[in-house]
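# Commentary on secondary and tertiary structure
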Amino acid sequence: MQDLGKSMRDLLNRQNLNSDYQRLIANAINDPDVQAFIKAHQDELAEDVLERNGSKLYEYVSQRDKLRAGHQVFAPGYEPKLVVSDHYVEVTYEPTEDTLLAQKRSMLKKRVHAVSMPKMIEQASFGDYNVDGEEEQRAKALRQAMQFVADYSQRPHEFHQGLYFYGNFGVGKTFLLGAIANELATLGYQSTLVHFPSFAVEMKNSIGKNNVAEKVDAIKQAPILMIDDIGADSMSSWVRDEVLGVVLEYRMQEELPTFFSSNFSMQQLSDQHLSINQRGEKEEVKAARLMQRIRFLSHEVVIQGPNRRPQ
Ligand code: ADP
Ligand code: MG
């Protein structure tokens, strides 16, 4: 293409600018973005591009301006772009940055299956896990969480022990589980987080409907499972053996990564929670079998610090 300014002047002189339409096209041609595009691609464009592609340039400018003004556009979520196609101009529509971000978010969300979990886990990230002051244990817990993600993503087909976070109410155990799940999601891995006390209630309610096995299967086969708040409610022998026991047995056999969070250490969970049934009787053998699976699947990590729940 020759001198851009000259061909534009020739064109404008030749055309009848009385009509509104011609005026709009002339404005589009004079638009700084359009001019910059034509200048950058002069060598590739045909000489009569302005005559032939006036309406394309107008389409580009008008859609771009509508989008900027927040008006309804022809392809919502997409923005117009000028491209060269076979020596002429075409308008293509590409997802806006907001659309790309929303697409990415929804894809990540689909990789994190949350069952009765607080909504705050959606926002949890390693970056926001503050380890202020002298809280060496929190820093250690965070390091172990990050180490798991690094190890798992390097060798996803090998067995990796999960983590068993314990500590007081509100120290951020659930938050850290959520952060691990979100980090894994950005790397393409799926995980399932289950608030265990709620799940246990749901299972009990499912007994009459004959779909316990189906729900237990979905949980037990999750590529990565996080059992949140184990020990928070008293557990019936049935939930312990037919739900938790079945899930953990399968995961141990299949060597599937499994995480836990609890207010109790493993020892406390064993002594105070799993060994005593709802009638107050000791069931130490069954408790010991369950603890053996928990210990195989996870590594105990204490988290201490202040209660971070909004008061
Ligand atoms: P826990 O499961 O130990 O009882 P949570 O994970 O529910 O504690 O955390 C309690 C509250 O504190 C939540 O609202 C969570 O968003 C917030 N929180 C926890 N840990 C952190 C952290 N490291 N940085 C920022 N906020 C946190
Ligand atoms: Mg919690």
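Not measured: the values here are computed from a predicted model.

## Focus: the packing of helix H2 (residues 20-30) against helix H3 (residues 32-40)
It is the contact of H2 with H3, at a shortest axis distance of 5 Å, that shows an interaxial angle of 60°. By the angle class used here, H2 and H3 are oblique. Between H2 and H3, the residues in contact are Ala28, Ile29 and Asn30 and Pro32, Val34 and Gln35, respectively. Within the contact of H2 with H3, the residues separate by chemical class into 4 nonpolar, 2 polar and no charged.

## Topic: the sheet that holds strand E7 (residues 258-262)
The sheet built from 6 strands is open, its strands ordered E3-E5-E6-E7-E4-E8 with parallel pairing. Among the strands making up the open sheet, the edge pair consists of strand E3 (112-115) and strand E8 (298-302). Averaged over all pairs of adjacent strands, the angle between their axes in this sheet comes to 15°, without regard to strand direction. Helix-sheet contacts for helix H8 (residues 196-206) involve E3, strand E5 (191-195) and strand E6 (225-228), and the interaxial angle to E5 is about 80°.

## Some details on the packing of helix H6 (residues 136-154) against helix H7 (residues 173-186)
Across the interface, H6 lies against H7 with an axial gap of 10 Å and an inter-helix angle of 25°. Judged by the inter-axis angle, H6 sits roughly parallel to H7. In this structure, H6 crosses over H7, and the sense of that crossing is right-handed. Across the interface between the two elements, Ala141, Leu142, Ala145, Phe148, Val149 and Tyr152 of H6 pack against Leu176, Ile180, Glu183 and Leu184 of H7.

## Regarding the side chain of Thr174
Within the element layout of this structure, Thr174 appears in helix H7. Since its relative accessible area comes to 15%, Thr174 is described here as buried.

## So, empty space enclosed by the protein
Per the stated rule, a full pass over the model turns up 2 cavities of 30 Å³ or more. The space that makes up the largest cavity amounts to roughly 40 Å³. At the level of secondary structure, the elements contributing two or more residues to the lining of the largest cavity comprise H8 and helix H10 (237-254). Ranked by residue count, the leading element in the lining of the largest cavity is H10, at 3 residues. Looking at the lining of the largest cavity, its residues break down into 8 nonpolar, no polar and no charged. Space inside the second largest cavity adds up to approximately 30 Å³. Every residue along the wall of the second largest cavity is listed here: Met235, Ser236, Ser237, Arg240, His273, Leu274, Ile276 and Asn277. Of all the secondary structure elements, the ones that give two or more residues to the lining of the second largest cavity are H10 and helix H11 (266-274). Looking at the lining of the second largest cavity residue by residue, the class counts come to 3 nonpolar, 4 polar and 1 charged.

## Structural notes on the domain arrangement of the protein
Splitting the protein by domain gives domain 1 (4-95) and domain 2 (101-302). Using only C-alpha atoms to locate each centre, domain 1 and domain 2 end up separated by 56 Å.

## Description of the environment of Ala200
Tracing the chain through its elements places Ala200 in helix H8. Linking Ala200 and Leu244, residues 44 residues apart in sequence, is a C-alpha distance of 8.8 Å.

## Points about the site of ligand 1
Around ligand 1, the structure places 16 residues, and the nearest of them are Gly170, Lys173, Thr174, Phe175 and Arg309. Gly170 is positioned with one of its backbone polar atoms (N or O) 2.7 Å from an oxygen atom of ligand 1. The protein chains hide 84% of the 560 Å² of surface that ligand 1 would expose on its own. Cavity membership is defined here by more than half of the atoms lying within 2 Å of grid points; on that basis ligand 1 lies in the second largest pocket. When residues of the shell around ligand 1 are assigned to their parent elements, the largest contribution, 3 residues, is made by H7. Class assignment for the residues of the shell around ligand 1 results in 6 nonpolar, 5 polar and 5 charged.

## Describing the nonpolar core
Core analysis: the biggest nonpolar cluster contains 29 residues, and Phe165, Leu176 and Ile180 have the highest contact counts within it. Put simply, the parts of the chain that give this core at least two residues each are H6, strand E4 (162-166) and H7. When residues in this core are grouped by element, the largest group, 7 residues, is from H7. Listed in part, the 28 residues of the second largest apolar core include Tyr164, Val212, Val243 and Ile294.

The rules behind each value
- Residues numbered from 1 in each chain as written.
- Chains lettered and ligands numbered in written order.
- Predicted model: local features only at pLDDT ≥ 70, side-chain atom pairs only at ≥ 80, totals over all residues.
- Heavy atoms only, no water.
- Axes fitted to C-alpha atoms, helices over the stretch in contact; angles between N-to-C directions.
- Helix = DSSP H or I, 4+ residues; strand = E, 2+ residues; numbered from the N terminus.
- Parallel < 35°, antiparallel > 145°, perpendicular 65-115°, else oblique.
- Contact = heavy atoms within 4.5 Å.
- Nonpolar A, V, L, I, M, F, W, Y, C, P; charged D, E, K, R; others polar.
- Pairing = 2+ DSSP bridges.
- Left-handed = near helix turned anticlockwise from the far one by under 90°.
- Buried < 20%, exposed > 50% of the residue type's maximum accessible area, 1.4 Å probe, protein only.
- 1 Å grid on protein atoms, 1.4 Å probe; cavity = no way out; pocket = protein on both sides within 12 Å on 5 of 7 lines; lining within 4 Å.
- Points joined across faces, edges and corners; volume = space filled by probe spheres on them.
- Domains from an automatic or database assignment.
- Near = heavy atom within 4 Å.
- Polar contact = N/O pair within 3.5 Å; in protein donor to acceptor, adjacent residues only side chain to side chain.
- Areas by Shrake-Rupley, 256 points an atom, 1.4 Å probe, with all protein chains shown as cover.
- Sits in = over half its atoms within 2 Å of the grid points.
- Core = buried A, V, L, I, M, F, W, Y, C linked by side-chain atoms within 4.5 Å.

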